[in-house]
Every structure is written in structure tokens, then in C-alpha cells.
Amino acid sequence: MATALFAWGIFAVKKNPIDAIPDLSENQVIVFTEWMGRGPQLIEDQITYPLVTNLQGLPKIKYVRGSSMFGMSFIYVIFNDDVDIYWARERVLERLSTVSRTLPTGVTPQLGPDGTGVGHILWYTLDAPNMDLGEQRAVQDWYVKFALQNVEGVSEIASFGGFQKQYQITLDPNKLLYYRLTVPEVINAIRTNNNESGGRKFELSDIGYIIKTSGYLKSVEEIENIPVKNQNSIPIRVADVAAVQMTGETRLGIFDQDGEGERVGGIVVMRYGENADAVIDKVKAKMEEVAKGLPKGVKFDIIYDRGELIKESVDSIKNTLIEEMIVVSIVVIIFLFHWRSALSIIIQIPITLAASFILLDTFDISSNIMSLTGIALAIGVIVDNGIIMSENAYKHLAERYALWQKQQKS
């Protein structure tokens, strides 16, 4: 039985997920809604309040928290601890499909990533000294991000830093007044000209042709030449009432690394319930593959790696366990001075450790600093009962032996 238990424990150790930080976060689903340009009070009245009141009736729910800020609303739906996170996300999606009709036009709530509060397992930046920040962000958003998101166990790759390229159109109110134009007219003209449309199939000389029009805007010049309105048979173009330029999205901060300048990078967010150590190894292996397709002179620079913390923590606890087992074994042998009794006591240590990991794996609890430290602290207690029982048995045997000697003499 002890051998079977020990073998089961070894299997549980290999299967049990390992992390450095215990996940004490609540079982929650985040609903994020964006409505840019609106103040917190309007966000609260039009988005946060309707969502909170409608999401409160979900089954197996603890409570719902709402937070409103400029242009954004966050709803935190907290479920009971025994609820499966993906079942909870399905219930929230079902309710959102009916609530969305009561929200302002164009506002669409979306679920946050299926990760936890301690899911940030790896941060990296792109070391690209000969590339500007806009190009670095484009490489991150359109190549690196999509590649790393395919790694098993990764919920999201959150990009940061650099400039997100965009076309910006700055209207001149005086020119709008002069040409008797409104802002919605300019917006509608640009939107309708940035569109693809399809035709139909027709035959000519026994050959079938399919007609389509390509209308996506591809340059600043194309936007400038969009006609907004005709006045006296003269077209009023966007360039006549606005300045068009290629620039970056407005930033509220920068990401600086070690005081050496701005960097572009990403945060790897682990999916709920995954093995952090295994996911980090898979992400690093994928990075080596992705690095082959990066522009010349560009490479990854890992700035935060929980994998190193996990390995150092586990190695430290492992060494402590081995040292304690050796010390306890020596002390038991010295004080009992009976190797068979000492062996019966010492063998309890690995069996108890195996049983501990079986329970951790059964209840889906990851091995971390807290659980491993608790096991290390309990080693002294593990051998106490064995020592007491061995001494008790040794004492009874000695009494019997003394009684037997007395009877022999008599």
C-alpha cells in the first residue's frame, strides 16, 4: 500500500500545476464597454447602471461591482468559488445579448480575457535600435501578437508602448462655416468612400466575369481627394476643409526601460487554471520560432519572467525538504539507536509528501510557495507520531523482555 501510494504521489507531482504565487483572486467575469468622449457620469447612467442591474439576476452569483471612468465602463461579475469559469462566461454572454438593446447606439459590451489577477506570467519588449516606435508597434500588433496568442494556455497578449498608426483628420471650423458644411457630412463622406462593394457576374464572349469595386482608403492623398459636397458644380474636397496626416494615436503615457528610452512590447496573460511553468516554457519556445521572422536587428528582450521565480522557489523548497529529511533521519537514528525503528519512521516522510500532492491534485490546487513551505514546516510534525509509537513499542518490548528474564531466573 505504501509503495502504491508513493507511486501515485509521484504521478500527482508531475501532473500538479506549479506556480510561484498562489491564486487567491475571485471567480469573476469582467465586462468591458467603451464609449469614448463621454464623461464618467454619463457612462454611469447610460452603461454601468443598466448593465449592473441586469446582470444581478444571474444564477450562482455573489455580487456585481461597477466602475465608471472617462469613456469606459467596467463591470465585475463575481460568481461562487465552485462555479466553472467558462459556464459563468456563457451565462454573462446570454444576458448581454438581451441587455445590449437598452444601451446607446454603437455601444457594444465585451468580455475581458479568461485570465486571473495573477495571470501576467511574462513581459517582453522588442529590442529594435534601428526601427522607429510606430514600426515596432506594427510588428508587435500584426506579427508577434498573433503568433504568441496561438500558444496553448495563453489567454491574451496585451501590447504596450510605441505609436499606433492612424489617419487623423483635423477640421477647420472657419472653413466648414465658409462652405456651409457640418461635421457629420464630412464624417459620412469619408465613411462611405472607405468601403468595398461587389457587383454581379456577367458573361461576355462565353467568358464569365465578376465585377467588384475596391474602395478602401490607402493613403493620405486618397482621403484628401474625397469629395464632400458640390457647390456651383465645384466639388468641395476634404483637403479644402481639413488637414489630413498620418500620425500616432494620442498617448496618455510612455513605457521606458531602464532609462534608456521607449520600448514596445507585450504582456502574456495566462488562461484560467493553466500550469504557469508549462505555459511559460511553451511561450519561450514559440518566441524562438517567431524571432526567425522578425526584421533584421530585432530581437526579444524578456523583462519579467515568472518561470525563473517558479524554478528558484521550487529548487529552494526542494533543497529545504531534502535537508530536513536528512537531519530528521540522523536525529532519529542517533536517539533511538535502532535502525529498523528509524527506518519505519523515516519512510513516513516521502509517503506523507506523496499523499499531500495527491490531495493538492485532487482539489485542483497548484503547488506554490505557500503550499510547499507548509509541507516543509510540517516535516518535523510528520515524524512525531512515528517516534512516539516506536518508543512506546520499544518500551513494551523491553518490559516484556525484563519479565521474561525474571521468569527464567525463577
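Residues numbered from 1 in each chain as written. Predicted model: local features only at pLDDT ≥ 70, side-chain atom pairs only at ≥ 80, totals over all residues. Heavy atoms only, no water.

## Regarding the nonpolar core
Piece 1. Counting residues in hydrophobic clusters, the biggest one holds 47 residues, and the most contacted among them are Ile121, Tyr124, Val144, Val268 and Phe300.
Piece 2. Two domains each donate at least three residues to this core, and these are domain 1 (1-16 + 310-409) and domain 3 (116-161 + 256-307).
Piece 3. For valine 268, the contacting residues outside a window of four places in its chain are Gly119, His120, Ile121, Leu122, Tyr124, Val154, Glu156, Ile157 and Val283.
Piece 4. Among the nonpolar cores identified, the runner-up in size contains 23 residues, and Val52, Phe79, Val83 and Ile85 belong to it. (Core = buried A, V, L, I, M, F, W, Y, C linked by side-chain atoms within 4.5 Å. Buried < 20%, exposed > 50% of the residue type's maximum accessible area, 1.4 Å probe, protein only. Domains from an automatic or database assignment. Contact = heavy atoms within 4.5 Å.)

## Quick word on the UniProt feature "transmembrane region" (unreviewed entry) in the protein
Piece 1. UniProt annotation of "transmembrane region" (unreviewed entry) refers to residues 345-363 and 369-388 when read in the numbering used here.
Piece 2. Annotated as residues 345-363, this span is 89% helix and 0% strand, and its ends, taken at the C-alpha atoms, are 28 Å apart.
Piece 3. This span, residues 369-388, is 100% helix and 0% strand, and a straight line between its end C-alpha atoms measures 30 Å. (UniProt positions renumbered as here; feature names shortened; annotations may be inferred. Helix = DSSP H or I, 4+ residues; strand = E, 2+ residues; numbered from the N terminus.)

## Quick word on the sheet that holds strand 2 (residues 61-69)
Across a sheet, paired strands are connected by hydrogen bonds in the backbone, their directions being either parallel or antiparallel.
Piece 1. In spatial order, the strands read 2-3-1-4; together these four strands make up an open sheet with antiparallel pairing. Only two strands of the sheet have a single neighbouring strand rather than two, namely strand 2 and strand 4 (110-111).
Piece 2. Here strand 1 (residues 28-34) pairs with strand 4 via two bridges, running antiparallel. Following the sheet pairing, valine 31 is matched in strand 4 by leucine 111.
Piece 3. Contacts from helix 2 (residues 40-55) reach strand 1, strand 2 and strand 3 (72-79) within the one sheet, and its direction differs from that of strand 2 by about 170°.
Piece 4. Along the sheet, helix 3 (residues 85-99) contacts strand 1, strand 3 and strand 4; its crossing angle with strand 1, the most-contacted strand, is approximately 35°. (Pairing = 2+ DSSP bridges. Axes fitted to C-alpha atoms, helices over the stretch in contact; angles between N-to-C directions.)

## Regarding the packing of helix 12 (residues 348-362) against helix 13 (residues 369-409)
Piece 1. Orientation of helix 12 relative to helix 13, taken along the N-to-C sense of each, is 135°, at an axis distance of 10 Å. Compared by their axis directions, helix 12 and helix 13 come out oblique. As for the relative orientation of helix 12 and helix 13, their crossing is right-handed in sense. Residues Gln348, Ile349, Thr352, Leu353, Ser356 and Phe357 of helix 12 form the contact with helix 13, whose own contacting residues are Leu372, Ile375, Ile379, Ile382, Val383, Asn385 and Gly386. (Parallel < 35°, antiparallel > 145°, perpendicular 65-115°, else oblique. Left-handed = near helix turned anticlockwise from the far one by under 90°.)

## Things to note about the domain arrangement of the protein
Piece 1. Taken as a whole, the protein is organised into domain 1 (1-16 + 310-409), domain 2 (25-112), domain 3 (116-161 + 256-307) and domain 4 (166-248).
Piece 2. Centre-to-centre separation of domain 3 and domain 4, based on C-alpha positions: 37 Å.

## Topic: the pattern of salt bridges
Oppositely charged side chains may form a pair once their charged atoms are brought near each other.
Piece 1. A complete count under the given rule lists 15 salt bridges for this structure.
Piece 2. One salt bridge in this structure joins glutamate 90 and arginine 91, with 3.8 Å as the shortest N-O distance.
Piece 3. Three or more residues joined by partner-sharing salt bridges are found here, namely Glu90, Arg91 and Glu94. (Salt bridge = Lys/Arg side-chain N within 4 Å of Asp/Glu carboxyl O.)

## Considerations on the environment of glutamate 152
Piece 1. With respect to the helices, strands and loops of the structure, glutamate 152 is situated in the loop between helix 4 (133-148) and strand 6 (154-160).
Piece 2. Residue glutamate 152 is classed as exposed on the basis of its relative accessible area of 56%.
Piece 3. Sequence separation between glutamate 152 and alanine 278 is 126 residues; the distance between their C-alpha atoms is 9.5 Å.
Piece 4. If sequence neighbours within four positions are ignored, glutamate 152 has contacts with Val279 and Lys282.
Piece 5. Polar contacts involving the side chain of glutamate 152 include one to the side chain of lysine 282, which spans 3.4 Å. (Polar contact = N/O pair within 3.5 Å; in protein donor to acceptor, adjacent residues only side chain to side chain.)

## A look at empty space enclosed by the protein
Piece 1. Scanning the entire structure with this criterion turns up one cavity of 30 Å³ or more.
Piece 2. Of the volumes computed, that of the largest cavity is approximately 30 Å³.
Piece 3. Along its surface, the largest cavity is lined by Asp19, Ala20, Ile310, Ser313, Val314, Ile317, Asn368, Ile369 and Leu372.
Piece 4. Among the elements that take part in the lining of the largest cavity, helix 10 (residues 306-336) stands out by supplying four residues, more than any other. (1 Å grid on protein atoms, 1.4 Å probe; cavity = no way out; pocket = protein on both sides within 12 Å on 5 of 7 lines; lining within 4 Å. Points joined across faces, edges and corners; volume = space filled by probe spheres on them.)

## Describing unusual backbone geometry
Apart from glycine, the bulk of residues carry a negative phi angle, and the bulk of peptide bonds sit in the trans form.
Piece 1. For lysine 60, which is not glycine, the phi dihedral falls at a positive 55°.
Piece 2. Considering the arrangement of structural elements, one finds lysine 60 in the loop between helix 2 and strand 2.
Piece 3. The class for lysine 60 is exposed, based on a relative accessible area of 52%.
Piece 4. The residue asparagine 232 is not glycine, and still its phi comes out positive at about 55°.
Piece 5. Relative to the elements of secondary structure, asparagine 232 occurs in the loop between strand 10 (227-231) and strand 11 (234-237).

## Description of the side chain of serine 367
Piece 1. On the secondary structure map, serine 367 appears in the loop between helix 12 and helix 13.
Piece 2. In this structure serine 367 comes out as buried when scored by relative accessible area, which is 3%.
Piece 3. For serine 367, the side chain forms a polar contact with the side chain of asparagine 16, separated by 2.2 Å.
Piece 4. The residues contacting serine 367, other than those within four sequence positions of it, are Asn16, Pro17, Ile18, Asp19, Phe357, Leu360 and Leu372.

## Points about the packing of aromatic side chains
For any two aromatic rings, the description comes down to two numbers: the centre-to-centre distance and the angle of the planes.
Piece 1. Evaluation of the coordinates by the stated rule reveals seven aromatic pairs.
Piece 2. Ring geometry for tryptophan 123 and phenylalanine 160: centres 5.8 Å apart, planes at 40°, overall tilted. Here tryptophan 123, found in strand 5 (residues 120-127), pairs with phenylalanine 160, found in strand 6; they are 37 residues apart in sequence, far enough to count as distant.
Piece 3. On the numbers, 6.1 Å between centres and 25° between planes, the contact of tyrosine 401 with tryptophan 404 is stacked. Placement of both tyrosine 401 and tryptophan 404 in helix 13 is noted, with a separation of three residues, approximately one turn of the helix.
Piece 4. Judged by its relative accessible area of 49%, tyrosine 401 is partly exposed.
Piece 5. Here a set of aromatic residues connected by ring pairs shows up, and it is made of Trp123, Phe160 and Phe255.
Piece 6. One cation-aromatic arrangement involves lysine 60 over tryptophan 87; the distance from NZ or CZ to the ring centre is 5.3 Å.
Piece 7. Of note, arginine 251 hangs over the ring of phenylalanine 163, and the distance from its end group to the ring centre comes to 4.1 Å. (Phe/Tyr/Trp six-rings, centres within 6.5 Å; stacked < 30°, edge-to-face > 60°. Lys NZ or Arg CZ within 6 Å of the ring centre and 35° of its normal.)

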